[in-house]
Amino acid sequence: MNSKVNKYQNPSQNAASSSPQTHARLVKWGLIGFVLLYLSLVMLIPAANVFAQAFGGGIDRFLQTFSDRAFLNAAKLTLVMALVCVPVNAVFGLSAAWLLGRNKRFPGRAFLITLIDLPFSISPVVAGLMLVLLYGRNGWFGAALAAGNLQIIFALPGMLLATAFVSLPFVAREVLPVLEEMGDEPEEAARTLGANDWQTFWRVTLPSVRWGLLYGLLLTNARAMGEFGAVAVVSGNIVGKTQTLPLFVEEAYKQYKTESAYSAAGVLAGLAVVTMVAKALLEAKTGRRGH
Amino acid sequence: MTQISVARSQRFKLPSIPLALTTLYLSLMLLLPVTALLLKALTLSPAKIWEIATSPMALSSYNVTFATALAAGLINGLAGLVIAWVLVRYEFPLKRILDALIDLPFALPTAVAGLTLATVYSDNGWIGSWLAPFGIKIAFTRWGVFLAMLFISLPFVVRTVQPVLLEAEREMEEAAWSLGASPWQTFWRVVLPPIFPATLTGVALGFARAVGEYGSVVIVSANIPFQDLIAPVLIFQRLEQYDYAGATVIGAVMLLISLVMLLVINFLQAWGQRYEQ
């Protein structure tokens, strides 16, 4: 009993002396030091290395890569990936989010939400493999495609399918919570006032979810431009034809063209920086945090 | 009550375009490929499936993939907890920039990550050259695989724990503290329980991501069978050798494991939400 009383009195006694505060400060700076060390080793030093290697030889040498035909083709193809997959997944993401956000109790709702997350947990290589098994020469649709003289695997359509697969969930994931938070009263009001479905969507729903949508587009774009594994499986990595920038990086590195590899890596890292700055600005604007 | 349910059922009929679009796209993009992989695997005889799925090289690649991914997930579970804590509870210079930088592994293409990790941790790289005199090799060994997985799964725990920690009521900690709990007791009994489900979710998400990772690992490892060859790279190699049966069976094993992981993550998230209420 006595010891218990002592224990209760302990904090106030301690508060009188400065030792807990020094202790807390030690813990604080110790933890901050640990975080900085860990992040430096795993992330910050490797990231700094990309820029050091890409721009270390001077801006001229970095720009030299831009006259390389294979690089230019790869850059063009990377843009095509984003230009096709981002709008497609945006339309899908909006309609899926709307379906899930505005219909709380339809059969299979939980299944649908889980299904949308599937590309996050499937290995990109397995995603590519599945496309090969569908559209490849020995795949389900292989014979039909060959008869129609259509090539999907080792060609652009396969690469687009692979990229759309891995970047599928982002818009739906980011828009759904915003829609749920918004509630359906504004839409009900618009309809009561005589707006039709399209008008309601364009004038009420879309403006309300624009930041969430933008956030989703940003993540979709980053993934679409940066995807490696899934695209590598279906592309065949034909230089100048089916090679995107990430594939160019690996190929150049394997051929000991380290400078080219790092110039392309520098471009992709620049894209990552733009993505992160835009993400931070969006988060500051909407007062929310990442995933 | 009946009015509400009538309104609901009416609204249910409306979204014909979103419903059609969503189901069509998901069927074509997700259900069809998944079904194709599983059915293709099942065209082989059970004995053959078992033989391929449990061949020594496949077993060793599962071991490298899952054991390394688990280690990376757990280390990032601890480190992520500390990072989230530091970012939420302390003020220090450049904190906001550091916070934004946590998302780097989401934004940086994995091929770039692999390239730079391979350079920095090779024998003459910025960090590797410090380790080389001690005989420690990271790049092109299993440690390289571990490092790449550490990089790729780093943001998950931080980003799942951060919001929960922000919402946690500090009065509870102060109450525990003023009632005589030691800092450790406060941490274990008051701080940890509400953030534990979020931590586990983050670990599971990071583990799932690390298990499937290809781009960074294929560059930073030597891809030698029985040493540092991961399952996704093995599938890729099988495909390159036109061994479709081999690729399909090992791919199906990986797919089934990702489906299980997805269920585990869903369960953990549901658990975390129940905790909040």
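The name recorded for chain B in an unreviewed UniProt entry is Sulfate transport system permease protein CysT, from Pegethrix bostrychoides GSE-TBD4-15B. In UniProt, chain B has this text filed under Subunit (unreviewed entry): "The complex is composed of two ATP-binding proteins (CysA), two transmembrane proteins (CysT and CysW) and a solute-binding protein (CysP)." Recorded under Subcellular location (unreviewed entry), the UniProt text for chain B is reproduced unchanged: "Cell inner membrane".

Taking an unreviewed UniProt entry as the reference, chain A is identified by name as Sulfate ABC transporter permease subunit CysW belonging to Pegethrix bostrychoides GSE-TBD4-15B. One UniProt comment on chain A, placed under Subunit (unreviewed entry), says "The complex is composed of two ATP-binding proteins (CysA), two transmembrane proteins (CysT and CysW) and a solute-binding protein (CysP)." Taken directly from UniProt, the Function (unreviewed entry) text for chain A runs: "Part of the ABC transporter complex CysAWTP (TC 3.A.1.6.1) involved in sulfate/thiosulfate import. Probably responsible for the translocation of the substrate across the membrane."

Visitor: Explain the overall build of chain A here, please?
Guide: Along the backbone of chain A there are 15 helices and 0 strands. For chain A, whose C-alpha radius of gyration is 26 Å, the value lies well above the compact-globule estimate of 19 Å for 291 residues. Projected onto its principal axes, the C-alpha positions of chain A cover 90 × 65 × 35 Å. Within the structure as shown, chain A displays about 13800 Å² of accessible surface, and the carbon and sulfur contribution to it stands at 63%. In chain A, the 24 positive side-chain charges and the 16 negative ones have mean positions that sit 5 Å from each other.

Visitor: Would you take a moment to explain the confidence of the model for chain A for this structure?
Guide: Low pLDDT marks stretches whose predicted atomic positions should not be read closely. Taken over all residues, the pLDDT of chain A has a mean of 89, while the share at 70 or more is 92%. Note that pLDDT drops below 50 for residues 1-17 of chain A; the model gives that stretch 6 contacts with residues more than four away or on any other chain.

Visitor: Can you help me understand the UniProt feature "transmembrane region" (unreviewed entry) in chain A in this one?
Guide: Residue and element names in this part refer to chain A. Here the UniProt-annotated "transmembrane region" (unreviewed entry) positions come out as residues 29-55, 75-100, 112-136, 148-172 and 260-282. Annotated as residues 29-55, this span is 100% helix and 0% strand, and its ends, taken at the C-alpha atoms, are 34 Å apart. When the span residues 260-282 is considered, its composition is 100% helix and 0% strand, and the gap between its end C-alpha atoms is 33 Å.

Visitor: Where do I start with helix H12 (residues 210-226) of chain A in this structure?
Guide: Given 3.6 residues per helical turn, the α-helix brings residues three or four places apart onto the same face. All names here are of chain A. When the terminal C-alpha atoms of H12 are compared, their 24 Å separation across 17 residues agrees well with the 24 Å that a helix rising 1.5 Å per residue should span. Most of H12 is tucked away, with 12 of its 17 residues classed as buried. Every buried residue of H12 is accounted for by Gly212, Leu213, Tyr215, Gly216, Leu218, Leu219, Thr220, Ala222, Arg223, Ala224, Met225 and Gly226.

Visitor: When you look at the domain arrangement of chain A in this model, what are you seeing that I'm missing?
Guide: A common way to express how large an interface is: the accessible area buried when the components associate. Residues and elements named next belong to chain A. Each assigned domain of chain A is listed here: domain 1 (2-54) and domain 2 (58-286). A straight line from the C-alpha centre of domain 1 to that of domain 2 covers 40 Å. Counting each side, the surface lost to burial between domain 1 and domain 2 is near 520 Å², with a carbon and sulfur contribution of 70%. Along the contact surface separating domain 1 from domain 2 lie 0 salt bridges.

Visitor: Explain the UniProt feature "domain: ABC transmembrane type-1" (unreviewed entry) in chain A here, please?
Guide: Under the UniProt annotation, the feature "domain: ABC transmembrane type-1" (unreviewed entry) is placed at residues 75-283 of chain A. Along residues 75-283 of chain A one finds 78% helix and 0% strand; the C-alpha atoms at either end are 29 Å apart.

Visitor: Would you mind showing me how to read the interface of chain A and chain B here?
Guide: With 90 residues of chain A in contact, the opposing surface of chain B contributes 87 residues. The closest approach of N and O atoms between Lys279 of chain A and Asp103 of chain B, which form a salt bridge, is 2.5 Å. Remark: the boundary between chain A and chain B carries 15 residue pairs in polar contact (both at pLDDT 80 or more). When residues of the side of chain A that touches chain B are assigned to their parent elements, the largest contribution, 22 residues, is made by helix H2 (residues 19-55) of chain A. For the side of chain A that touches chain B, a count of residues per class yields 63 nonpolar, 15 polar and 12 charged.

Visitor: Please explain the UniProt feature "domain: ABC transmembrane type-1" (unreviewed entry) in chain B as it appears in this structure.
Guide: Those places that UniProt annotates as "domain: ABC transmembrane type-1" (unreviewed entry) correspond, in this numbering, to residues 62-265 of chain B. For residues 62-265 of chain B, the end-to-end C-alpha separation is 20 Å, with 76% helix and 0% strand making up the annotated structure.

Visitor: Could you clarify how one ought to interpret the environment of Leu101 of chain B in this entry?
Guide: Looking at the element boundaries, Leu101 of chain B is found in helix H5 (residues 95-101). Given a relative accessible area of 23%, Leu101 of chain B falls into the partly exposed group. In the structure, Leu101 of chain B is positioned 54 residues away from Pro155 of chain B in sequence and 9.4 Å away in space, judged by C-alpha atoms. Not counting the four nearest positions on each side in its chain, Leu101 of chain B is found in contact with Met43, Leu44 and Met276 of chain A.

Definitions and cut-offs
Residues numbered from 1 in each chain as written. Chains lettered and ligands numbered in written order. Predicted model: local features only at pLDDT ≥ 70, side-chain atom pairs only at ≥ 80, totals over all residues. Heavy atoms only, no water. UniProt positions renumbered as here; feature names shortened; annotations may be inferred. Helix = DSSP H or I, 4+ residues; strand = E, 2+ residues; numbered from the N terminus. Rg over C-alpha atoms; globule rule 2.2 N^0.38 Å. Areas by Shrake-Rupley, 256 points an atom, 1.4 Å probe, with all protein chains shown as cover. Lys, Arg positive; Asp, Glu negative; His and termini not counted. Charge placed at Lys NZ, Arg CZ, Asp CG, Glu CD. pLDDT = per-residue confidence, 0-100. Contact = heavy atoms within 4.5 Å. Expected span 1.5 Å × (residues − 1). Buried < 20%, exposed > 50% of the residue type's maximum accessible area, 1.4 Å probe, protein only. Domains from an automatic or database assignment. Buried area = accessible area lost by both parts, 1.4 Å probe. Salt bridge = Lys/Arg side-chain N within 4 Å of Asp/Glu carboxyl O. Polar contact = N/O pair within 3.5 Å; in protein donor to acceptor, adjacent residues only side chain to side chain. Nonpolar A, V, L, I, M, F, W, Y, C, P; charged D, E, K, R; others polar.

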